[in-house]
Number of protein chains: 2
Amino acid sequence: MSSLSDRIEAYLMHLLLHSQDGCIEVRRAEVADRFACVPSQVTYVLATRFTPERGFYVESRRGGGGYIRIVARHPRPEASGLQAVWQRIGRSLTSGQAEGLLRSLEQGGLLTRRQAALMRQALRQEADWAEPPLCDLLRAAVIKGMLLMLSSSPDGRDRIG
Amino acid sequence: MSSLSDRIEAYLMHLLLHSQDGCIEVRRAEVADRFACVPSQVTYVLATRFTPERGFYVESRRGGGGYIRIVARHPRPEASGLQAVWQRIGRSLTSGQAEGLLRSLEQGGLLTRRQAALMRQALRQEADWAEPPLCDLLRAAVIKGMLLMLSSSPDGRDRIG
DNA sequence: ACCGCAAGGTCAAAGAAGGTCAAAGGAGGA
DNA sequence: TCCTCCTTTGACCTTCTTTGACCTTGCGGT
């Protein structure tokens with residue numbers, strides 16, 4: 001089901017989420033080895049998933065002692081909780097930023113796949129009809145509303161009855 | 001005589017009902033295979049039966065590891081009063097309209113006091129910084145996002161407690 | 001400097017899904 | 001009968017992934 005790229009993404013995301021500062025260093029060849037694939041596969045994953053648009057930046061160096069460093073702009077959302085994530089969201093959010101956020105929340109276990117899917121749908125439906133910059137404002141508004149509702153009653157216990 | 005489309009619909013619905021969270025992932029080619037039909041038949045069923053109006057969202061991805069994900073907004077078949085309200089909200093909502101809406105939802109028992117209060121706060125925070133007409137757009141977006149999350153919680157949180 | 005190895009980078013081709021669209025088929029009603 | 005609406009099919013398109021050949025960069029030794 002999940003593709004090789006997805007598994008590599010999950011692996012790197014896992015490392016990021018468990019890092020102290022939302023910043024990791026890996027060797028391309030090592031990662032490729034772990035997943036028994038060609039090194040350029042790792043490059044592909046970095047290029048398609050860990051983009052600045054989604055809130056990551058990647059630097060690397062070649063030659064002996066070379067490395068790839070991935071830095072997350074939203075370090076460890078799973079440790080800080082939905083409330084903290086919510087506070088970091090500003091008034092505007094591009095679709096790429098929203099997608100990156102949802103993915104990392106999903107990876108961090110703060111959102112179920114279903115919740116993430118619902119939120120994606122809602123974002124499309126409520127924001128995509130507008131042009132930038134309006135659509136980005138709407139996206140931030142929708143997602144913050146949704147996160148607030150989720151975080152305020154994570155398991156339905158907030159029902160007063 | 002149930003048509004092929006009906007049988008495919010029934011099959012997918014069966015999977016949904018037996019899923020824990022009202023969210024399934026299938027491969028188009030596999031489903032087509034099971035019913036010995038062309039893949040586009042599955043697309044047809046999705047397009048005609050699993051529509052947003054009927055309470056379903058469909059997400060898909062192409063390429064290797066591609067899939068079709070179907071999400072039911074209501075894992076439980078019970079209709080939700082919130083859903084109906086949600087569907088009637090347009091793209092714009094004045095603060096007066098929003099307040100009226102929240103009040104009637106609260107009185108109707110569809111929202112707890114706490115939820116309503118939370119939503120009021122979110123509305124103020126996310127929309128009031130802007131001038132009309134933008135603030136009305138933002139209000140509609142926030143409130144729809146929040147209602148969606150409430151009305152689609154798998155644990156039936158949206159029912160009157 | 002120069003050379004050679006040890007990284008990582010690029011790019012394009014091949015492969016693996018799903019999407020589109022229009023034509024053909026079928027069932028029911030005016 | 002004829003018309004309309006829903007189904008079924010299939011040819012062709014678009015998107016995403018995987019692989020591999022070849023390129024560039026950095027470091028260390030001579």
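Starting afresh in each chain, residues are numbered from 1 along the sequence in its written order. The naming scheme follows written order: chains are lettered A onward, ligands numbered 1 onward. Predicted model: local features are reported for residues with pLDDT of at least 70 only, side-chain atom pairs are reported and counted for 80 or more only, and whole-chain, interface and lining totals are derived from all residues. Hydrogen atoms and water are omitted, and side-chain values are computed over all heavy atoms in the structure.

I keep staring at the confidence of the model for chain A and nothing clicks. Help me out?
It should be kept in mind that the predicted coordinates are not to be read in detail where pLDDT is low. Residue and element names in this part refer to chain A. Per-residue confidence from the predictor is given as pLDDT, running between 0 and 100. Counting all residues, the mean pLDDT for chain A is 89, and 93% of those residues have values of 70 or more. By the criteria applied, helices consist of DSSP H or I runs no shorter than four residues and strands consist of E runs no shorter than two, each listed in order from the N terminus. Of all the helices and strands in chain A, helix 4 (residues 77–88) carries the lowest mean pLDDT, 76, while helix 3 (residues 39–49) carries the highest, 98. The criterion used for residue contact is that any of the two residues' heavy atoms lie within 4.5 Å. The model gives residues 154–161 a pLDDT under 50, and that stretch makes 20 contacts with residues more than four places away or in other chains.

Would you mind going over the domain arrangement of chain A with me for this structure?
How big an interface is tends to be stated in terms of accessible area lost as the parts join. All names here are of chain A. Those domain boundaries reflect an automatic or database domain assignment. Here the domain parsing of chain A yields domain 1 (4–72) and domain 2 (77–152). Each of domain 1 and domain 2 has a C-alpha centre, and these two points are 24 Å apart. On the domain 2 side, the residues contacting the 7 residues of domain 1 number 11 residues. Two parts placed together each lose some accessible area under a 1.4 Å probe, and the buried area is that loss summed for both. Buried area between domain 1 and domain 2, both sides added, is near 820 Å², and the carbon and sulfur share of it is 54%. Of all residues in domain 1, the largest losses of buried area upon contact with domain 2 belong to L17, E53 and R54, amounting jointly to 66% of the total for that side.

Mind showing me how you'd approach the nonpolar core here?
By convention a nonpolar core is built from buried Ala, Val, Leu, Ile, Met, Phe, Trp, Tyr and Cys residues, the set being connected through side-chain atoms within 4.5 Å. Burial classes follow relative accessibility: with a 1.4 Å probe on protein chains only, a residue under 20% of its type's maximum area counts as buried, one over 50% as exposed, and anything between as partly exposed. Formed by 63 residues in total, the largest nonpolar core has its most connected members in A:M119, A:I143, A:M146, B:M119, B:I143 and B:M146. Membership of the second largest hydrophobic core comes to 20 residues, among which are A:I8, A:L16, A:L17 and A:C37.

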